[in-house]
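Okay, here's what each chain looks like letter by letter:
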Amino acid sequence: MLKPSNAVETDGFYINPDRSVAVINYNEEYVRDIFQLINSDSFANLVKLYLKEVQKTSTNDFEKLDAETYTNTLKAILVDNKAGYENHDRSLILKSIEDLYSFYRSYFRVSLINKHNSDIVSNNFMDIDNRFNEIVLQLYRAIEEKLQGFSNRAYRQVNAGTNACVLTQSISWPTPKGYEALQNIRFLDTLMLRPPMMMHTKSNKREGVFDAVKDNPIAKFDGDQKDWFCFPAKIGESLAYVYFHRDYFVSGIALANLFEVADTASIEGQKPDEILLFGLDKTEGDVCHYYHDEENDLWVGEVPYNDKTTYFGYMKKMCLTLHNLHMIYENRLPIHGSMVRISFSNGKTKSVVFFGDSGAGKSESIEALQEIADDKILNIETIFDDMGSFAFDDEGNVYAQGTETGAFVRLDDLSSSVAFNNMDRGIYLNPELKNARVILPANTYKRVVEHHHIDMWVYANNYDAEIGLHQFPDEDKAKATFIAGKRKALGTTDEVGMSTTFFANPFGPVQEEEKTRPVIDKVFNKLYKDKVYVGEIYTHLGYDKSKDSLQESAKELLNQLMNN
């Protein structure tokens, strides 16, 4: 399988500068004090990697040493052996230690503990990880203060050792013939995150549409237990096994803020609905694909190992594409949009679905509604933020259901108050770049998968010059607008200018248009029979970003919801 040329590895420590990912395996090696840490092979490898990186440009004479001499000097400082470091300038050593510490903390660092069905491990894994973080911090402070000759007066209690800790578990599930290579891959069982998490990837934008392939991607999989892990995700009512290479731990961990983690009872003896193989060595055209395994009733996705696919949007959208394809074959209608349940001061409660492709103005419309409502809105509950589905109950009524428990949002779309108020729960992706994103928890899984009544369904129109809200009196005209999926691209994907996407959803309906159209017809027919408000809100995002026009549209929306 993949062997990154710049990755460095010992039994208990893996670090890859090409992906800025470090993995600490406590089952293989667990240091109990600062002396074990500084004498470990893992620390030696970190120093080697650091010096290899900085010696290209460093003017610090202390960093011109070889790794062994560098490390021995730090050991001498630690035990007050002045003969071991008195020939070096203390200020240069101190500067180098600060930079080494920052270098390590610039990586996304995840620790692993295999659960082995042990309740003791399950109950104490956070304490184990907390202790490792304390040891890393103690080592840094001990060397720093000995070089300074005095204790600090201000301490910053940062996540010195890890950003996250994961309990893994081997779980037996009915593996179909041909999928045996997946049997030994461990599942992520329980995750502990240390937010706010600032994560950086080489790519910051998703490109293209995912197409079908004739051959099952599982035939290409030859990953092992050391390199691969599985995030078991509940996506709506689907069960998805997301297998990823450890170099994609940034995305694999970030899924925990977006999807419910399936428990052992949901996995054991259960065949999934979808399987995603993320980080395969080769795929056709080096792009993403899916395959429908009809014999085993499985949707299988493949994503290649390359710089582009480090962007979290690839993992999220591939998961949702597989889920949506499964929904279409279950005669459900995938909805690319957001649904909120709004409680008003006059006692009314309305459930609204905003519909449209990326950048159309769904999130912006909700935020504008909040801004102009003053005290007229008591609460806005997010049912789903990006993808849901419409389905029919036993009585033939249409209901909505969500897929995600979290929200993957552009930072530019959030007010500063929302962004800062949720910082202690957020996973931030490339926050310094254009199209910066944050993943925030939004609702509980139980609430997301409930059957939700629909009071209004509006298309987010960012391309017309009109302002306000428009109801489609005619079912066919409404259907034509929603199916056309027009929008003016705003740079959130690789598209530019005006574009059209079948049913504004390139994640399932585009791939299965023929199967989707009858479900669209059935849904629109029922909604119009039930006199549900179906219309469009003019967001104006393709024209200006002043928010004035959108706020005028939001005022009409507020009036419609409160007074009808």
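Data block above holds the structure.
If you're wondering where the values come from, they're calculated on a predicted model, not measured in any experiment. (Residues numbered from 1 in each chain as written. Predicted model: local features only at pLDDT ≥ 70, side-chain atom pairs only at ≥ 80, totals over all residues. Heavy atoms only, no water.)

K.L.:
Tell me about the pattern of salt bridges, residues and numbers included.
P.N.:
With the rule as written, the count across this model stands at 26 salt bridges. Salt-bridge contacts for Arg447 lead to Glu381; the nearest nitrogen and oxygen are separated by 2.7 Å. Placement of the pair is Arg447 in helix α11 (residues 445-448) and Glu381 in strand β17 (residues 377-384), with a sequence separation of 66 residues. By the burial criterion, Arg447 is buried, and Glu381 matches it. Between Glu450 and Arg447 there is a salt bridge whose closest N-O contact spans 2.5 Å. Take Glu450: its relative accessible area is 30%, and that puts it in the partly exposed class. The structure contains a network of salt bridges with shared partners spanning Glu9, Lys226, Asp227 and Arg246. (Salt bridge = Lys/Arg side-chain N within 4 Å of Asp/Glu carboxyl O. Helix = DSSP H or I, 4+ residues; strand = E, 2+ residues; numbered from the N terminus. Buried < 20%, exposed > 50% of the residue type's maximum accessible area, 1.4 Å probe, protein only.)

K.L.:
Hey, could you go over unusual backbone geometry for me, with residue numbers and the actual values?
P.N.:
Cis peptide bonds are those with omega within 30 degrees of zero, and the linkage from Pro195 to Pro196 qualifies with -5 degrees. Within the secondary structure, Pro196 is located in the loop between β6 (186-193) and β7 (197-199). One non-glycine residue with positive phi stands out, namely Asp286, at about 60 degrees. Looking at where Asp286 falls in the secondary structure, it is placed in the loop between β12 (274-280) and β13 (289-293). Of the residues examined, Asp286 reaches a relative accessible area of 40% and is grouped as partly exposed. Backbone geometry at Ala504 places phi at a positive 50 degrees, although glycine is not the residue there. Tracing the chain through its elements places Ala504 in the loop between β26 (497-500) and α13 (513-529).

K.L.:
Would you mind going over the sheet that holds β7 in detail, with residue names and values included?
P.N.:
The strands making up a sheet are joined through hydrogen bonds of the backbone, oriented either antiparallel or parallel. Read from one edge to the other, the open sheet built from four strands follows the order β7-β21-β22-β20, with strand pairing classed as mixed. The open sheet has two edge strands with one neighbour each: β7 and β20 (406-410). Looking at each pair of strands side by side, their axes are set apart by 20 degrees on average, direction ignored. By the bridge criterion, three bridges tie β7 to strand β21 (residues 427-429) in an arrangement that is parallel. Residue pairing across strands places Met197 opposite Ile427, the latter belonging to β21. (Pairing = 2+ DSSP bridges. Axes fitted to C-alpha atoms, helices over the stretch in contact; angles between N-to-C directions.)

K.L.:
Please give an account of the side chain of Thr175 that cites residues and values.
P.N.:
With respect to the element layout, Thr175 can be found in the loop between β5 (164-169) and β6. Apart from residues lying up to four places away in sequence, Thr175 is in contact with Glu180 and Gln183. (Contact = heavy atoms within 4.5 Å.)

K.L.:
How would you sum up the packing of aromatic side chains? Please name residues and give values.
P.N.:
Scanning the entire structure with this criterion turns up 30 aromatic pairs. Ring plane angle 10 degrees and centroid distance 3.9 Å describe the contact between Tyr101 and Tyr140, whose orientation is recorded as stacked. Residue Tyr101 is found in helix α4 (residues 90-105), and its partner Tyr140 is found in helix α5 (residues 119-148); the two are separated by 39 residues along the sequence. Residue Tyr101 is classed as buried on the basis of its relative accessible area of 11%. Considering the side-chain rings of Tyr248 and Tyr305, the 5.6 Å spacing of their centres and the 85 degrees angle between planes classify their relative orientation as edge-to-face. Placement of the pair is Tyr248 in the loop between β10 (238-245) and α6 (249-254) and Tyr305 in the loop between β14 (298-304) and α8 (312-329), with a sequence separation of 57 residues. Taken together, Phe355, Phe390, Trp457, Tyr459, Phe472, Phe482, Phe502, Phe503 and Phe524 form an aromatic cluster joined through their ring pairs. (Phe/Tyr/Trp six-rings, centres within 6.5 Å; stacked < 30°, edge-to-face > 60°.)

K.L.:
So, the nonpolar core: which residues are in play, and what are the values?
P.N.:
In a soluble, globular protein the nonpolar side chains are often hidden away together inside. Membership of the largest hydrophobic core comes to 50 residues, with the highest contact counts inside it found for Phe108, Val110, Phe231, Phe244, Phe249, Ile253 and Phe259. Not counting the four nearest positions on each side in its chain, Phe231 is found in contact with Leu188, Leu191, Ala240, Tyr241, Val242, Phe244, Gly252, Leu255, Ala256, Phe259, Glu260 and Val261. Of all hydrophobic cores here, the second largest spans 47 residues; its members include Val31, Ile34, Tyr85 and Tyr104. (Core = buried A, V, L, I, M, F, W, Y, C linked by side-chain atoms within 4.5 Å.)

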